[in-house]
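Survey of secondary and tertiary structure
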Amino acid sequence: MPTCFLLPQGVAWQASWQRATGEAPAASSHISVPSGPWQTTQGAPGCPPPSPCSRGIPRTMDSLGYNCFVDREKMDAAIQDLGPKELSCTELQELKQLARQGYWARSYALRAKVYQRLIRDIPCRTVTPDASVYSDIVGKIVGKHSSSSLPLPEFVDNTQVPSYCLNARGEGAVRKILLCIANQFPDISFCPALPAVVALLLHYSLDEAECFEKACRILACNEPGRKLVDQSFLAFESSCMTFGDLVNKYCQAAHKLMVAVSEDVLQVYADWQRWLFGELPLSHLARVFDVFLVEGYKVLYRVALALLRFFHKARAGQPPEPDSVRQDIRAFVRDIAKTVSPEKLLEKAFAIRLFSRKEIQLLQMANEKALKQKGITVKQKSVSLAKRQFVHLAVHADNFHSEIVSVKEMRDIWSWVPERFALCQPLLLFSSLQHGYSLTRFYFQCEGHEPTLLLIKTTQKEVCGAYLSTDWRERNKFGGKLGFFGTGECFVFRLQPEVQRYEWVVIKHPELTKAPLMPPETTPTPAVSTEPADRLSPFLSARHFNLPSKTESLFMAGGSDCLIIGGGGGQALFIDGDLNRGRTGHCDTFNNQALCSENFLVAAVEAWGFQDPDIQAHGQ
């Protein structure tokens, strides 16, 4: 019987190996799967002895590695076992490539060994329930109940146990494991993905106790900045909002369709985890999980975005009915094996060049903060949906009037803003027709509001504008000089004569951040706001990115005699101090075309803020 070695996980892995064995790890790590019935290796360094059997369940597998929970006939059709029996790698980067390529996906038994090692390497709380705990508690918790009739924990939110080619015994085992997890993790309040995770892990475990231990290690991960599974309603809701933000930026065509056919687009995006952990076939989910265990939560966003892109492509010219779009997406994902292979799905997912893990974490934190401010937490989950203001409620004919845009046009704009602000309703801050054509008055009315929406109508009836992420008070930090500030969430747009949105150039061209820094420029450039090093930067702060020059991060600037949106090689918008004349052209920050006639006369200017509907209700 060959010995087993842990897969490399950087410095932490090397340290844990040295503590366990007293010696440095070998230069090459190796996992092999023996021929014949698969068993755990006994006495190998870093491999503890097998856990006790759970309620008499045998710790044996057949020649293909299937355990007693698997419906063998269904598995032969779902996942063929044709692959290698060994895995050797020396670097984490190599392991990532092997995971993406599906190296161990071709061997059922090898995948089980790889899962065991990867999950065992997850940094966890000091006291994390293991297999022996399961053996001690399962009898007391389950009692004499039939496993098939056991109730599921409340935190799964009525999610059913997916079959995933499990037999009746396997599906009952998932219920038992979930109840034992609920017993050991009383702090978990909302985790609808867990039944699918446990059902998948059961495939690659020798018994219930080992599956329980693997699930517990995933739940108990305590590595800073690393999240594996959402375990509260707040985390789940903010993940849904974050996914909506990513769709808005990386799947604009699909997002436009969702807004057009959905009464509540946020509810469509709230299904994103269900697409993965519930609807996706076992063959596809297992491939996703291979990469997820190596690369983390970001993989889930990638795959969900890819699924939405495939759905949009499949339904081109055949838009779903408004009352069926959620069911249509679920059905598409359920039957995706007919049109999209697991390899093609992952290829599409990794072709999407997402923000860094740090940026996504900052976005998630911003969304959580917005939910907390609105009182949407786990304790109030039953009423939270009533508090969420989706586009058709936020911008309604009864509570909205503008001299520049219609209700429909404002709804289009509202569908572009970050999800945490789409929860709000538009609040008119400044109107040139009410407050006069004065830039000073414009600043006075807008200060203290963040973000704001700028709308401009020209005398030629052209309409354009900008979403501005930062309070206009920031302009005062430059001591009277013209200085740029803001973040990469800013964008510019035009509505008339045709609709077009231009986002920060780095979103569509992330390769710009990899360019080496250019030598200092000899010509003077406008000042750019910098934040204290000890302050948590906002999402898409330019200082998080290694940009070749400052021209790609000139978002917004305001002085006494002009207002500028976008800079570098030109200005997306320039308005004079009398709000009378303006000009527009290409700029490096947004890589935009002119938003209207290059030189124009202003007919009207409006600035809109974002108001919490609860505050508005209390003020009435």
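Bear in mind that the values here come from a model prediction, so they are computed numbers and not experimental data.

1. Concerning the overall build of the protein chain
Counting its regular elements, the protein chain contains 25 helices and 14 strands. Within the protein chain, the fraction of its 620 residues that count as buried is 56%. Long-range contacts, defined as pairs at least 24 residues apart, comprise 73% of the intrachain contacts of the protein chain with a sequence gap of at least 6. Surface exposure of the protein chain reaches about 26,400 Å², of which carbon and sulfur atoms provide 51%.

2. Regarding the nonpolar core
In terms of nonpolar packing, the biggest core is built from 169 residues, with I181, F442 and I565 touching the most fellow members. Per-element tally for this core: the top contributor is helix α14 (residues 298-314), with 11 residues. What F442 contacts, discounting residues up to four positions off in sequence, is F430, L454, W472, L563, V605 and A607. Within the second largest apolar cluster, 22 residues are counted, among which are C424, V463, F493 and W608.

3. A word on unusual backbone geometry
Along the chain, E450 connects to P451 via a cis peptide bond; the corresponding omega equals 0 degrees. Among the structural elements, P451 can be located in the loop between α23 (439-446) and β4 (452-458). Look at the link from Q496 to P497: it is a cis peptide, with omega at 15 degrees. By secondary structure assignment, the location of P497 is in the loop between β7 (491-496) and β8 (500-503). The phi dihedral of D157 is positive, around 55 degrees, even though this residue is not glycine. The topology assignment puts D157 in the loop between α5 (131-142) and α6 (168-184). Exposure remark for D157: the relative accessible area of 40% places this residue in the partly exposed category. One non-glycine residue, K461, lies in the positive phi region at around 65 degrees. On the basis of relative accessibility, which here comes to 65%, the residue K461 falls in the exposed class.

4. What to know about the pairing of strand β3 (residues 425-431)
Every other side chain in a regular strand lies on the same face of the sheet, so the side chains alternate between the two faces. Along β3, five of the seven residues are buried, which leaves the element largely enclosed by surrounding structure. Sheet analysis places β3 next to strand β14 (residues 599-611), joined by six bridges and oriented antiparallel. By the bridge assignment for β14, L427 is matched with G609.

5. Overview of the pattern of salt bridges
Applying the stated criterion across every chain, the model contains 23 salt bridges. Note that K249 is salt-bridged to E503, the shortest N-O span being 3.0 Å. Linking K249 in helix α9 (residues 233-250) with E503 in strand β8, this pair joins segments that are 254 residues apart in sequence. Accessibility expressed as a relative area gives 9% for E503, which makes it buried. Each of R111, R287, D290 and E343 takes part in a single network of salt bridges with overlapping partners.

6. Quick word on the state of the cysteines
Going through the model one piece at a time under the given rule, you end up with zero disulfides. Unpaired in terms of disulfides, C124 finds its nearest cysteine sulfur in C221, a separation of 6.3 Å. We classify C124 as buried; its relative accessible area is 16%. Unpaired in terms of disulfides, C596 finds its nearest cysteine sulfur in C464, a separation of 4.1 Å.

Conventions adopted
Residues numbered from 1 in each chain as written. Predicted model: local features only at pLDDT ≥ 70, side-chain atom pairs only at ≥ 80, totals over all residues. Heavy atoms only, no water. Helix = DSSP H or I, 4+ residues; strand = E, 2+ residues; numbered from the N terminus. Buried < 20%, exposed > 50% of the residue type's maximum accessible area, 1.4 Å probe, protein only. Contact = heavy atoms within 4.5 Å. Areas by Shrake-Rupley, 256 points an atom, 1.4 Å probe, with all protein chains shown as cover. Core = buried A, V, L, I, M, F, W, Y, C linked by side-chain atoms within 4.5 Å. Pairing = 2+ DSSP bridges. Salt bridge = Lys/Arg side-chain N within 4 Å of Asp/Glu carboxyl O. Disulfide = S-S within 2.5 Å.

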